[in-house]
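Below are the chains, spelled out letter by letter.
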Amino acid sequence: MSSVAQTEKVIFQQEWGQVLAQSLRSSQQLLAELDLQVTDFPEGLSEALQFPLFVPRPFVKRMRKGDPCDPLLLQVLPLAAEEQLHSGFTLDPLAEQSTNVQAGLIHKYHGRVLLLAASGCAINCRYCFRRHFPYSENRVARGQWQPALTYIAQDPSITEVILSGGDPLMLQDEHLAELVERIAQIPHVQRLRVHSRLPVVIAERLTDQLTHILTGTRLRSSLVLHVNHPRELTPMHAERLGKLRQAGVTLLNQTVLLKGVNDSAEVLIELSEKLFDHHLLPYYLHVLDRVQGAQHFDLSSSEAYGLYQQMLAQLPGYLVPKLVREEAGQPHKTPLHAF
Ligand code: SF4
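Residues numbered from 1 in each chain as written. Predicted model: local features only at pLDDT ≥ 70, side-chain atom pairs only at ≥ 80, totals over all residues. Heavy atoms only, no water.

## Brief notes about the packing of helix α7 (residues 173–184) against helix α9 (residues 208–215)
Packing of α7 against α9 brings their axes to within 9 Å, and their N-to-C directions diverge by 10 degrees. It follows that α7 is roughly parallel to α9 by the angle criterion. Across the interface between the two elements, D173, L176, A177 and V180 of α7 pack against Q209, L210 and I213 of α9. Of the residues contributing to the contact of α7 with α9, the split by class is five nonpolar, one polar and one charged. (Axes fitted to C-alpha atoms, helices over the stretch in contact; angles between N-to-C directions. Helix = DSSP H or I, 4+ residues; strand = E, 2+ residues; numbered from the N terminus. Parallel < 35°, antiparallel > 145°, perpendicular 65-115°, else oblique. Contact = heavy atoms within 4.5 Å. Nonpolar A, V, L, I, M, F, W, Y, C, P; charged D, E, K, R; others polar.)

Here it is as structure tokens:
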């Protein structure tokens, strides 16, 4: 058995892995679950062979049956619009390949590095800015972490390691624990941050063992979830995130602003309030990274800023995320201002 197959076998032995294994993998399957027909999408669907549909059943259960405009459905269904080419939408919108300092490591901001701990995800989001990322060249399996860890150890300016992917929580807990312990052995690293969408789509991933991993070293840990719509959150999230917060993990959320999904002040305000009810603070509201295939989700900067102003007018400051854009080559995210 290959090591990938062995890894999958171990993951599938865990509760969240079993849920993941039952994910839907075709548009036909998904539409049948939702009582929809291909003809409900007059502009057609894409076969999306390079980046196929993949969506876990708990996320499907939160979609409305019979609604082709459901905001959760639109995040995962490959539409024919993905195949159109638009100027300004590229394969690598953030020029990450120029900051990919070695396999599995991206170093673009002062003091922080992104460690691509896993190449797979629990869901294929149609707006993903890494949908064309060369994961095959960046697959760093357990046992191959040393060059990345050596890079971090040799640069004392790096005080924070961000586990990213793919989705870093696709790592089985045993491997994640080993990686976190090895990072904690580097004296100048003070903080660990984990960015993940997996627990949003499969709340069972928020295990007690994950809490132990994130609180079991001297590192100050934060978990940044990627929730885009209030209907993505469930009572199980509230319960399990509550335990993580009690244990001392900082819980944040970042949202991508997506046309047809969350492009109304009403939805964004409801999202911020619901995040707080689920122990998460709104951190970033990102405008779309202009990746090829995602142009149908794009909003203009002035539309984005208009929504942000309505949030400012109606929410307490701590529930208003920072409205930002990521620009290739800039040393930080760029706040959007009035136009
Ligand atoms: S979970 Fe994140 S990295 Fe994975 S497809 Fe979705 S947006 Fe991309």
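## Some thoughts on the domain arrangement of the protein
Split into domains, the protein comes out as domain 1 (3–83) and domain 2 (96–335). The distance between the C-alpha centroids of domain 1 and domain 2 comes to 21 Å. Listed as interface residues are 32 residues of domain 1 and, on the opposing side, 36 residues of domain 2. Carbon and sulfur atoms make up 58% of the area that domain 1 and domain 2 hide from each other, which totals about 2,700 Å². Three residues, W16, F51 and Q75, lead the burial of domain 1 against domain 2; their summed loss comes to 30% of the area buried on that side. Here domain 1 and domain 2 share three salt bridges between them. Where E82 meets R126, a salt bridge forms, and the shortest distance between an N and an O atom there is 2.7 Å. Here domain 1 and domain 2 share 15 residue pairs in polar contact (both at pLDDT 80 or more) between them. Where the side of domain 1 that touches domain 2 is concerned, the elements lending two or more residues are α1 (3–13), α2 (15–21), α4 (57–61) and α5 (71–74). Per-element tally for the side of domain 1 that touches domain 2: the top contributor is α2, with four residues. (Domains from an automatic or database assignment. Buried area = accessible area lost by both parts, 1.4 Å probe. Salt bridge = Lys/Arg side-chain N within 4 Å of Asp/Glu carboxyl O. Polar contact = N/O pair within 3.5 Å; in protein donor to acceptor, adjacent residues only side chain to side chain.)

## Some remarks on the sheet that holds strand β7 (residues 281–286)
Taken in spatial order, the nine strands line up as β1-β2-β3-β4-β5-β6-β7-β8-β9 in an open sheet, and their pairing is mixed. Lying at the two open borders of the sheet, with one neighbouring strand each, are β1 (105–109) and β9 (334–335). Pairing of strand β4 (residues 191–196) with strand β5 (residues 220–225), which is carried by six bridges, proceeds in the parallel orientation. Its bridge partner lying in β5, R193 is registered against S222. (Pairing = 2+ DSSP bridges.)

## Describing α9
Among the residues making up α9, those that are buried are L210, T211, I213 and L214. Along the axis of α9, the buried positions cluster into a sector of 160 degrees, meaning they face one direction only. Against α7, β4, β5 and α10 (235–246) lie the buried residues of α9. (Buried < 20%, exposed > 50% of the residue type's maximum accessible area, 1.4 Å probe, protein only. Arc of directions from axis to C-beta.)

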